[in-house]
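One letter stands for each residue in the lines below.
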Amino acid sequence: AVAATRGGTKTKFRAPQAMDFGNSMVAPSNIMYDRRVVRGNTYAAQIIPPAMQAEMQARMELAKPVKKKAMPVQQAVTDEVPPVENRKHMDIQTEAYLEELTDRVIEQDVDTQTDAFIDRPAAPIFVPMKTGIDVDTQIAEGDLFDFDKEVDPILEVLVGKTLEQSMMEVMEEEELAAMKEHQDHFEQIRNVELAETQRMEEAEKRRFEEKERRVAQEQARLQREAQVMEKVAAHAFTKGYLQDLHNAVFQNLQDAGFFYNPLEREVTTEFLPGLVAEVQAKVENIAVSRLLTDDLIAAAVTRLQLADDEAAAMREKVLALKAEAEADELRAIEEAAAAEAAAKAAAEAGPAADEAAPAADGDEGEGEGDAEASAE
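None of the values given here were measured: they were computed from a predicted structure.

Asker: I'm lost on the overall build of the chain in this one. Help?
Answerer: When helices and strands are counted, the chain shows five helices and zero strands. Each helix and strand of the chain, placed in order from N terminus to C terminus, yields the pattern α-α-α-α-α. Within the chain, the proportion of its 376 residues that are buried is 2%. Counting contacts in the chain only where the partners sit at least 6 residues apart, residues at least 24 apart contribute 48% of the total. Surface summary for the chain: the accessible area is close to 36,600 Å², and the carbon and sulfur share equals 59%.

Right, dumping it as structure tokens:
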């Protein structure tokens, strides 16, 4: 952008921003001065002043697009021949030089560079204007004091103080030298005494260390002897105690099952339980089968016994019937014989028949008794 004054000439410094936001095109940097910012409750109805309403109405009217009047559609009158069926006309170039046809307008980038604005230099410090009347005084030679006359007491004081200070410093140096010499002598005596004390302490320390070493050696010897005695006693006791313990321990461990054959343990712990379980299941099945067989045999024996009892009863009954039939037959034979004998006797003698009739009746009764006895 090119900044220029009203006269059309370029200024040297950056122009300050105008404070009249109403007539200036520069936007305010503080939104509190912007007319578009609404102040107050945003939920309540906004009350727009009449001046603002008129201004907003004018802006809206200016922003409305101008509607163009629709032109009547007229059919272009051309002398073109209509295309053949299934064909159409198209525009082609007939010029000597072909030109690329495009709907986009050719654009070119053009730029310019203006001189950068420099800031206005800082204003000089304000110096207020002098007020009042300047007054001066002239001092002539000899008006204030005489240097040669009045410098003597000052020099006497300075020289006296300097000599006194020098004497004090010399005396202090001599006193410091004497103190240093006395201190060095005291240091020598103290160092000798300290060396003698250290020698005596070292000798006493060596004697004490030697005594402690001898005591430690004696204690170590006594401790070693005690340990040897304890070891000998423990060895003897252990030997006497463990003489039969070895075999007993191994026997106990073997009885407890710590020493075992892996194959035997595997057979005992893994193979035999399954085998025993299977055998037990088979034995239980055999026992159940035997119980069922015993029940069946008992039932068959019971049925056979019942059949034998029935057969015996039938045999006894048949024998009884047979005996009864034989008795009946024998009785019938005897009766027939008796009847025949009676008839013969009656035929032989009438009176004798009458006498013999009771005897025949008695014989018939005996015969019947015999037949009944044989049937029983």
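Asker: Mind showing me how you'd approach the pattern of salt bridges here?
Answerer: In a structure, side chains of opposite charge can pair up when their charged atoms sit close to one another. Taken as a whole and judged by the stated rule, the model has eleven salt bridges. A salt bridge links Lys180 to Asp184, with the nearest nitrogen and oxygen atoms 3.8 Å apart. Pair noted here: Lys180 and Asp184 are both in helix H2 (residues 147–241), with a separation of four residues, about one helical turn. When its relative accessible area of 48% is taken as the criterion, Lys180 is described as partly exposed. For Asp184, a relative accessible area of 34% corresponds to the partly exposed category. Among the salt bridges present, the one from Glu218 reaches Arg221, with a minimum N-O distance of 2.2 Å.

Thresholds, definitions, all that
Residues numbered from 1 in each chain as written. Predicted model: local features only at pLDDT ≥ 70, side-chain atom pairs only at ≥ 80, totals over all residues. Heavy atoms only, no water. Helix = DSSP H or I, 4+ residues; strand = E, 2+ residues; numbered from the N terminus. Buried < 20%, exposed > 50% of the residue type's maximum accessible area, 1.4 Å probe, protein only. Contact = heavy atoms within 4.5 Å. Areas by Shrake-Rupley, 256 points an atom, 1.4 Å probe, with all protein chains shown as cover. Salt bridge = Lys/Arg side-chain N within 4 Å of Asp/Glu carboxyl O.

Nothing here speaks to function; it is all geometry.
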